[in-house]
Amino acid sequence: MSDRSSPWTHLWGSGKEREVVLAVDYPKTGRPEAGFPDLAAHLPDDIELWETAPVSVAGTGGELSGSDWVDHWLQGVVANDWTVQAVMGFCASSPYASTLRDRIADTRGSAPKLVLFDPDVPQEFYLAWQFTRVIEGYLPELTPQEIAAAKETAERVRDAHDTMSGLARALLDIGRPLIELNCGRSGLDAARTQELFDAFRTYVSYQVGANAVAVADAEALLASWSTATAVSSSTPGDGAKAAAEELSFPSTTHADLLRSREVAEAVTGLLR
């Protein structure tokens, strides 16, 4: 997990140029969806690409707001004195990408290009689904019966909550004992167990924050997305309907969108 002093991770280019392209996503190992490092591998050498780094909630008394996340990344842009050519966002990170782009426009006086891949706004069903993916993919010591019971509980609390923040608190309450059980069986100590729980908290905070920045000013979000280029897979995000332009790749799955060479070539054209 990145610390608060490192808002950006360098993905492509020399790392020394001031004119940059920014990518907004929550990078985590083991996910089936390709990430911006996969896209970067097919980009020309002269594109300077940086990706958002997570802000750990470890040691904080509360959760981070959506504005906290954006402020953290924007501070890095200002500190590096970057000229931002474009901001890109993947899936549920698209609200962050558009908000960051608009904040950069406010501080710099001109708006970078906005490129959104299967853009969407995370909702309660999405957060509950991501919770089940974490339980299935990152807690190998749980039995199939324990995983099934956790999924049932997640569905039940999802139906009982109509806000992302309320659902998030409930899922954290469910997740903590499961993480402790998994770590105990793995022989991990209390410090490592807390570290894993903080990583889970951070990811939940990220998803809740993306929803929050979207619903805080839905009209502003739609106005921002109306200037974007949406890059769509075989299962486009709902946000593609609001974009100024859509580049469609119907033979490419959502999971493969950022690893497609054809998509990278199209994105390169957008960035020129």
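As a starting point, this report considers the structure included with it. (Residues numbered from 1 in each chain as written. Predicted model: local features only at pLDDT ≥ 70, side-chain atom pairs only at ≥ 80, totals over all residues. Heavy atoms only, no water.)

1. Some points on the overall build of the chain
Helices and strands together make up the secondary structure of the chain, namely 9 helices and 7 strands. Taken over the C-alpha trace, the chain has a radius of gyration of 19 Å; the compact-globule value for 272 residues is 19 Å, and the two agree within 12%. The principal-axis extent of the C-alpha atoms belonging to the chain is close to 50 × 35 × 35 Å. In the chain, 76% of the contacts between residues at least 6 apart in sequence involve partners at least 24 apart. Approximately 12,200 Å² of the chain is accessible, and the part contributed by carbon and sulfur atoms is 51%. Separation between the mean location of the 22 positive side-chain charges and that of the 39 negative ones in the chain comes to 2 Å. (Helix = DSSP H or I, 4+ residues; strand = E, 2+ residues; numbered from the N terminus. Rg over C-alpha atoms; globule rule 2.2 N^0.38 Å. Contact = heavy atoms within 4.5 Å. Areas by Shrake-Rupley, 256 points an atom, 1.4 Å probe, with all protein chains shown as cover. Lys, Arg positive; Asp, Glu negative; His and termini not counted. Charge placed at Lys NZ, Arg CZ, Asp CG, Glu CD.)

2. A look at helix α8 (residues 218–225)
Looking only at α8, the buried set comprises L221, S224 and W225. All buried residues of α8 project into a common sector of 95 degrees when viewed along the axis, lining one side. (Buried < 20%, exposed > 50% of the residue type's maximum accessible area, 1.4 Å probe, protein only. Arc of directions from axis to C-beta.)

3. What to know about empty space enclosed by the protein
Evaluation of the coordinates by the stated rule reveals 1 cavity of 30 Å³ or more. When its volume is computed, the largest cavity comes out at roughly 40 Å³. Taken together, L127, Q130, F131, L171, F200, Y203 and V204 make up the full set of residues lining the largest cavity. When contributions to the lining of the largest cavity are tallied by element, the ones reaching two or more residues are α4 (124–138) and α7 (190–216). For the lining of the largest cavity, the per-class residue count stands at 6 nonpolar, 1 polar and no charged. (1 Å grid on protein atoms, 1.4 Å probe; cavity = no way out; pocket = protein on both sides within 12 Å on 5 of 7 lines; lining within 4 Å. Points joined across faces, edges and corners; volume = space filled by probe spheres on them. Nonpolar A, V, L, I, M, F, W, Y, C, P; charged D, E, K, R; others polar.)

4. Considerations on the pattern of salt bridges
This structure, assessed with the given rule, holds 14 salt bridges. Note that D25 and R31 form a salt bridge whose closest N and O atoms lie 2.7 Å from each other. Close ionic contact of R108 with D81 constitutes a salt bridge, the shortest N to O distance being 3.4 Å. In this pair, R108 is assigned in helix α3 (residues 94–108) and D81 in the loop between α2 (66–79) and β4 (83–90), connecting sequence segments 27 residues apart. Taking relative accessible area as the criterion, R108 reaches 35% and is therefore assigned partly exposed. Salt bridges sharing partners connect three or more residues here, namely R18, D81 and R108. (Salt bridge = Lys/Arg side-chain N within 4 Å of Asp/Glu carboxyl O.)

5. Quick word on the environment of P27
Tracing the backbone through its elements, the reader meets P27 in the loop between β2 (19–24) and α1 (36–40). Residue classification places P27 among the partly exposed residues on the basis of a relative accessible area of 36%. Distance from P27 to Y203, taken between C-alpha atoms, is 9.9 Å for residues 176 residues apart in sequence.

6. Thoughts on the sheet that holds strand β3 (residues 49–52)
The strand order across the open sheet built from 7 strands is β1-β3-β2-β4-β5-β6-β7, with neighbouring strands paired in mixed fashion. Only two strands of the sheet have a single neighbouring strand rather than two, namely β1 (8–12) and β7 (245–248). Each adjacent strand pair in this sheet contributes to an overall mean axis angle of 25 degrees, direction not counted. (Pairing = 2+ DSSP bridges. Axes fitted to C-alpha atoms, helices over the stretch in contact; angles between N-to-C directions.)

7. A closer look at the packing of aromatic side chains
Applying the stated criterion to the full structure yields 14 aromatic pairs. For the ring pair W50 and W82, a centre distance of 5.0 Å and an interplane angle of 45 degrees mean the geometry is tilted. One end of the pair, W50, is in strand β3; the other, W82, is in the loop between α2 and β4, and 32 residues separate them in sequence. Grouping residues by exposure puts W50 and W82 together as buried. For the ring pair W69 and Y96, a centre distance of 6.4 Å and an interplane angle of 45 degrees mean the geometry is tilted. Within this pair, whereas W69 is found in helix α2, its partner Y96 is found in helix α3, the two being separated by 27 residues in sequence. This pair shows no difference in class: W69 is buried, exactly as Y96 is. Members of the aromatic cluster, joined through ring pairs, are Y26, W69, W73, Y96, Y203 and Y206. (Phe/Tyr/Trp six-rings, centres within 6.5 Å; stacked < 30°, edge-to-face > 60°.)

8. Focus on the side chain of T202
Relative to the assigned elements, T202 resides in helix α7. The exposure class assigned to T202 is buried, which follows from its relative accessible area of 0%. One polar contact links the side chain of T202 to the main-chain amide nitrogen of V57, over a distance of 3.1 Å. (Polar contact = N/O pair within 3.5 Å; in protein donor to acceptor, adjacent residues only side chain to side chain.)

Geometric values such as these leave the question of function open.
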